[in-house]
Amino acid sequence: MTVLKLSVSALSLLALAPMAEARDNLQIAGSSTVLPYATIVAEAFGENFDFPTPVVEGGGSGAGRKKLCEGVGENTIDIANSSSRIKQSDIDECTKNGVTEIMEVRIGYDGIVFASALDGADFALTPTDVFLAVGGKVAKDGALADNTAKSWKEVNEALPDQPILAFIPGTKHGTREVFDTKVLLEGCKATGAYDLHLAASTGADDDAKKKEAETACFETRTDGASVDIDGDYTETLARLEANPTALGVFGLSFYENNTDKLKVATVSGVVPSVETISSGDYPVSRPLYFYVKKQHIGVIPGLKEYIEFFVSDDMVGPDGELTQYGLVPDPELAATQEAVTAETVMGPLE
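All of these numbers come straight from a predicted model, not from anything done at the bench. (Residues numbered from 1 in each chain as written. Predicted model: local features only at pLDDT ≥ 70, side-chain atom pairs only at ≥ 80, totals over all residues. Heavy atoms only, no water.)

Some remarks on the domain arrangement of the chain
Heads up, the condition is: Domain segmentation is taken from an automatic or database assignment of domains. Should any heavy atoms of two residues lie within 4.5 Å, those residues are considered in contact. By convention in these notes, a salt bridge is any Lys or Arg side-chain nitrogen within 4 Å of a carboxyl oxygen on Asp or Glu.
Considered domain by domain, the chain is made up of domain 1 (23-109 + 287-341) and domain 2 (121-243). Just the C-alpha atoms count here: the centres of domain 1 and domain 2 sit 31 Å apart. On the side of domain 2, eight residues touch domain 1, which itself brings 11 residues to the contact. Taken together, the links from domain 1 to domain 2 amount to two salt bridges.

Written as structure tokens, this is what we have:
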């Protein structure tokens, strides 16, 4: 948890108090990856505390953070779930709308997995394979060219001889940010495409040129081989059921709850699991968060109690309830628990 108290608007608090009395249930939205965890916690919270069960919705990490930053008051949400870290642009938007105190709570870790139909072909992938399959432009004969690869075998002789069709998270999802940086960018660099993008960049300085090259590496094919999914993982699963030779991108927890339908791929020779993510062996993992509007604590009933319950040992500890559903425990959980108790707010991103 990063710490630094932002300025508080007393006027906002005074305006919030009378309005918030009309709402007694917590409102939570955001990441489809965090959604099942938050739903389990919300239901347990409703059963064990004298507060109504919180309302938990999906919509994607970016959409959840956008809702969090709409303002302060009963018509705005209390918590945004996120499978990627909040951006400075989110914090700026929050500040503009009077949301001046945000608590960043890391609940654990999750992996991003590639999976196909249960009776489909086996995939042993690397970031290079994925980039060469779905990247928009690839390096050919020392120059950048549109990606025209038709089959996975064309990308790598060891892969199945079947058409490339990948269902990947849309850009509003936190999963996409991790997919971009830990898969596409790594493959882009390994194949030399990043260096070509860097050489062609027109940025004003080195940092701007690097950012431009990275952004170019994140671009995917537009010829139908790579399909963005803006819905949640259930939509990706439905697409795979309709296209049994396709490959989909999921969170580890979703895969582990659907092993009767999905076959997982290895990445760089490692099978994704709680154990391989905990050990750091699996290369495509990320922390999971939720962001709390502190100005609602003490006004919206049960908010403080809910976030303390969420980060309790019973929920997210090594033997906690959520580990049964694929959440990888955070080794620094004790620090998070202390920060939640102290209502520590975050400051500028590092």
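From this point on, the discussion continues.
Concerning the layout of surface pockets
To be explicit about the condition: Here a cavity means grid points, on a 1 Å grid over the protein atoms only, where a 1.4 Å probe fits yet cannot get out; a pocket means an open set of points with protein on both sides within 12 Å along at least five of seven lines; lining residues are those with an atom within 4 Å of a point. Grid points are joined across faces, edges and corners, and a volume is the space filled by probe spheres set on the points. A run of H or I in DSSP becomes a helix once it reaches four residues, and a run of E becomes a strand once it reaches two; helices and strands are each numbered from the N terminus. Nonpolar residues are Ala, Val, Leu, Ile, Met, Phe, Trp, Tyr, Cys and Pro. Charged residues are Asp, Glu, Lys and Arg, and all others, Gly as well, are polar.
Of the volumes computed, that of the largest pocket is approximately 380 Å³. Lining the largest pocket are 16 residues, with Glu177, Val178, Asp180, Thr181 and Phe218 positioned closest to its centre. Going through the elements one at a time, helix 7 (174-190), helix 9 (206-217) and strand 13 (285-293) are the ones with two or more residues in the lining of the largest pocket. No other element matches the five residues that helix 7 contributes to the lining of the largest pocket. Residue classes in the lining of the largest pocket are distributed as four nonpolar, five polar and seven charged. Counting contributing residues per domain, the lining of the largest pocket is built from domain 1 (23-109 + 287-341) and domain 2 (121-243), each supplying no fewer than three. When contributions to the lining of the second largest pocket are tallied by element, the ones reaching two or more residues are helix 2 (35-48), helix 10 (233-242) and helix 11 (252-256). Residues belonging to the lining of the second largest pocket are distributed by class as follows: four nonpolar, six polar and one charged. Per-domain counts for the lining of the second largest pocket show at least three residues from each of domain 1 (23-109 + 287-341) and domain 2 (121-243).

Notes on the environment of Ile307
Selection criterion: Categorising residues by exposure relies on relative accessible area from a 1.4 Å probe, with only protein chains included: less than 20% of the type maximum marks a residue as buried, more than 50% marks it as exposed, and the intermediate range marks it as partly exposed.
Along the chain, Ile307 falls in helix 13 (residues 303-310). Using a relative accessible area of 0% as the deciding quantity, one classes Ile307 as buried. Taking the C-alpha atoms as reference points, Ile307 and Asp110, separated by 197 residues in sequence, lie 19 Å from one another. In contact with Ile307, not counting residues within four places along its chain, are Ile79, Met103, Phe290, Val292, Ile297 and Val340.

Digging into the packing of aromatic side chains
Stated precisely, the cut-off is as follows: The criterion for an aromatic pair is that two Phe, Tyr or Trp rings (for Trp, the six-membered ring) have centres within 6.5 Å, with stacked assigned to planes under 30 degrees apart, edge-to-face to planes over 60 apart and tilted to the rest. Throughout this description, the term charge over a ring refers to an Arg CZ or Lys NZ atom that lies within 6 Å of the ring centre and within 35 degrees of the ring normal.
Applying the stated criterion to the full structure yields 13 aromatic pairs. Ring geometry for Phe45 against Phe49: centres 4.6 Å apart, planes inclined by 25°, an arrangement best described as stacked. Given a relative accessible area of 29%, Phe49 falls into the partly exposed group. Through successive ring pairs, a cluster of aromatic residues spans Phe45, Phe49, Phe51, Phe290, Tyr306, Phe309 and Phe310. Looking at Lys189, its charged tip hangs above the ring of Tyr194, at a distance of 5.2 Å from the centre.

Concerning the nonpolar core
Convention followed: Definition used in this section: a nonpolar core is a set of buried Ala, Val, Leu, Ile, Met, Phe, Trp, Tyr and Cys residues joined via side-chain atoms within 4.5 Å.
With 52 residues, the main nonpolar core has Phe114, Leu125, Trp152, Phe179, Phe250 and Leu262 as its most contacted residues. At six residues, the largest contribution of residues to this core is made by helix 7. Leaving out residues up to four positions away in the same chain, Phe114 has contacts with Leu125, Val130, Phe179, Val183, Leu247, Gly248, Val249, Lys263, Val264, Ala265 and Val267.

Some details on the state of the cysteines
This is how it is decided: Our working definition of a disulfide is a cysteine sulfur pair at a distance within 2.5 Å.
With the rule as written, the count across this model stands at two disulfides. Two residues share a disulfide in this structure: Cys69 and Cys94, whose sulfurs sit 1.9 Å from each other. Disulfide Cys69-Cys94: torsion about the S-S bond near -75°, hence left-handed. A residue pair is termed long-range when its members are at least 10 positions apart, and Cys69 in the loop between helix 3 (61-68) and strand 3 (79-82) and Cys94 in helix 4 (residues 88-96) qualify at 25 residues.

Overview of the side chain of Asp330
How we decide: Distance and chemistry together define a polar contact, namely a pair of N or O atoms within 3.5 Å, with one atom able to donate a hydrogen and the other to accept it when in protein, and with adjacent residues in sequence counting only for side-chain atoms on both sides.
In this fold, Asp330 is placed in the loop between helix 14 (313-316) and helix 15 (333-341). Separated by 2.9 Å, the side chain of Asp330 and the backbone nitrogen of Glu332 make a polar contact. When neighbours within four sequence positions are excluded, Asp330 is seen to be in contact with Arg106, Gly108, Tyr109 and Thr336.

Section: the pattern of salt bridges
Across all of its chains, the model carries 19 salt bridges by this definition. Glu157 serves as the salt-bridge partner of Lys153, at 3.4 Å between the closest nitrogen and oxygen. Take Lys153: its relative accessible area is 29%, and that puts it in the partly exposed class. Using a relative accessible area of 61% as the deciding quantity, one classes Glu157 as exposed. Here Arg221 ties to Asp223 by a salt bridge, and the two come within 2.8 Å at their closest N and O atoms.

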